Amino acid sequence: MDVDITGAKVLFTIPIDFPVLGKIQVSETIVVSWIVMALITGLCIWLTHDLKVKDISKRQALAELIVDKANNFVIGNMGERFRYLIPFVSALFATSVVSNLISLIGLRSPTADLSTEAAWAVVVFIMITTQKIKTNGFGGYLKGFTTPIAVMTPFNILSELATPISMACRHFGNILSGVVINALIYAALALASNKLLGLIPGAAGRVLSQIPILDVGVPAILSVYFDWFSGVMQAFIFCMLTVMYIANAAEES
């Protein structure tokens with residue numbers, strides 16, 4: 001199979017030539033992203049069906065807890081007027097967490113592909129820019145690039161463009177590093193198993209040396225950090241940066 005510049009395998013190509021776009025390639029990232037969306041949708045349906053006012057189930061209690069935490073996170077950091085962003089921030093966090101953790105079942109995490117974080121960052125950047133224009137007007141937004149003096153305009157433009165780039169690269173780098181480190185650990189332990197068990201004389205050594213016994217247990221311990229802790233933390237950081245950037249854009253004058 002072909003591999004694109006982000007490292008995601010191209011699974012198949014749609015043989016229809018679209019205007020401008022040409023033939024569309026469907027990569028592993030796209031397929032797993034759809035799986036992530038299906039999982040989140042299924043979980044939401046399961047958590048929210050058959051809701052009651054009294055004698056609620058543990059499932060409904062969990063759903064209400066998640067909604068309450070999302071409300072407190074957005075309103076606590078942005079204020080009541082940004083309540084409308086709760087669904088967006090919640091969806092962003094859920095997508096990021098599930099995408100980060102899906103590698104635990106052997107699928108390649110979509111967040112290990114820079115194009116995923118780049119798309120998220122572009123959406124957030126558009127929201128930040130829209131909020132700045134809404135707060136200061138289009139003229140005020142353009143005037144902001146000339147502060148404190150006009151000679152700073154090129155640097156202010158670079159600073160503005162650096163926001164989505166830094167958000168995307170930070171998330172991507174941390175997730176990809178975990179994927180690479182885990183792969184190196186698996187490979188190193190498999191090689192160590194081969195060399196150590198190969199010391200056993202006879203047919204038993206030849207057979208056992210082909211079994212990566214050391215791959216059992218040790219990588220699972222390390223995945224507690226690289227997959228669980230780091231995955232959830234990176235999702236939290238990305239969402240925190242999102243709400244803070246948008247909130248700050250609303251306060252600029």
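That block above? That's the structure.
Treat the numbers as computed from the prediction; the structure is a model and nothing was measured.

Peer 1: Summarise the environment of Q234; cite the residues concerned and give the values.
Peer 2: Residue placement: Q234 occurs in helix α7 (residues 218–251). Residues Q234 and N100 lie 134 residues apart in sequence; the distance between their C-alpha atoms is 8.7 Å. Those residues within four positions of Q234 in sequence are excluded, and the remaining contacts are N100, R170, H171, N174 and I175.

Peer 1: Residues and numbers for the pattern of salt bridges, please.
Peer 2: Under the counting rule described, the total for this entry stands at two salt bridges. Put simply, R83 and E80 hold a salt bridge, and the shortest N to O gap is 2.7 Å. Look at R83 and you get partly exposed, because its relative accessible area is 39%. Given a relative accessible area of 48%, E80 falls into the partly exposed group. The partner of K132 in a salt bridge is E160, and the shortest N-O contact between them spans 3.0 Å. A residue pair is termed long-range when its members are at least 10 positions apart, and K132 in helix α4 (residues 114–143) and E160 in helix α5 (residues 153–197) qualify at 28 residues. Just as K132 is buried, E160 falls in that class too.

Peer 1: Quick rundown of unusual backbone geometry? Include the residues and the values.
Peer 2: Within the chain, D50 stands out as a residue other than glycine whose phi angle is a positive 55°. Counting through the fold element by element, D50 comes out in the loop between α1 (28–48) and α2 (58–78). The phi dihedral of D55 falls on the positive side, at around 50°, and the residue is not glycine. Tracing the chain through its elements places D55 in the loop between α1 and α2.

Peer 1: So what about α5? Which residues, and what values?
Peer 2: End to end, α5 covers 64 Å across 45 residues, agreeing with the expected 66 Å (1.5 Å per residue, within 8%). Within α5, the axis deviates most sharply at A162, by approximately 35°, and proline P164 lies no more than four positions further along.

Peer 1: Break down helix α3 (residues 86–101) for me, with residues and values.
Peer 2: When the terminal C-alpha atoms of α3 are compared, their 22 Å separation across 16 residues agrees well with the 22 Å that a helix rising 1.5 Å per residue should span. Those residues of α3 that sit buried are I86, V89, L92, S96, V97, S99, N100 and L101.

Peer 1: Describe the packing of aromatic side chains, naming the residues involved and giving the relevant values.
Peer 2: All told, the structure shown has four aromatic pairs when counted by the stated rule. Ring centres of F82 and Y84 lie 6.2 Å apart, and the angle between their planes is 35°; on these two criteria the pair is classed as tilted. Its relative accessible area of 2% is what places F82 among the buried residues. Between Y141 and F145 the ring centres are 5.2 Å apart and the planes differ by 75°, which places this aromatic pair in the edge-to-face class.

Peer 1: Describe the nonpolar core, with residues and values.
Peer 2: Counting 22 residues, the largest nonpolar core has M78 and V89 as the members making the most contacts within it. Mapped by element, the contributors of at least two residues to this core are α2, α3, α4, α5 and α7. Here the element with the most residues in this core is α7; it accounts for seven residues. Ignoring sequence-local partners within four residues, the contact set of M78 consists of L85, V243, I246 and A247.

Peer 1: Give a detailed account of the environment of S57, specifying residues and quantitative values.
Peer 2: Along the chain, S57 turns up in the loop between α1 and α2. Assessed through its relative accessible area of 31%, S57 is described here as partly exposed. When the C-alpha atoms of S57 and L47 are compared, they prove to be 10.0 Å apart, with 10 residues separating the residues in sequence.

Peer 1: Can you lay out a nonpolar patch on the surface for me, pointing to particular residues and giving the numbers?
Peer 2: On the surface, F93, F229, V232, M233 and F236 cluster together to form a nonpolar patch covering roughly 400 Å² of accessible area. Considering every element that reaches the nonpolar patch, the biggest residue donor is α7, with four residues.

Analysis parameters
- Residues numbered from 1 in each chain as written.
- Predicted model: local features only at pLDDT ≥ 70, side-chain atom pairs only at ≥ 80, totals over all residues.
- Heavy atoms only, no water.
- Helix = DSSP H or I, 4+ residues; strand = E, 2+ residues; numbered from the N terminus.
- Contact = heavy atoms within 4.5 Å.
- Salt bridge = Lys/Arg side-chain N within 4 Å of Asp/Glu carboxyl O.
- Buried < 20%, exposed > 50% of the residue type's maximum accessible area, 1.4 Å probe, protein only.
- Expected span 1.5 Å × (residues − 1).
- Bend = angle between axes of the 7 residues up to and from the residue.
- Phe/Tyr/Trp six-rings, centres within 6.5 Å; stacked < 30°, edge-to-face > 60°.
- Core = buried A, V, L, I, M, F, W, Y, C linked by side-chain atoms within 4.5 Å.
- Patch = residues over 30% accessible without salt bridge, like charges linked within 9 Å, V, L, I, M, F, W, Y side chains within 5 Å.
- Areas by Shrake-Rupley, 256 points an atom, 1.4 Å probe, with all protein chains shown as cover.

By themselves these figures say nothing about function.
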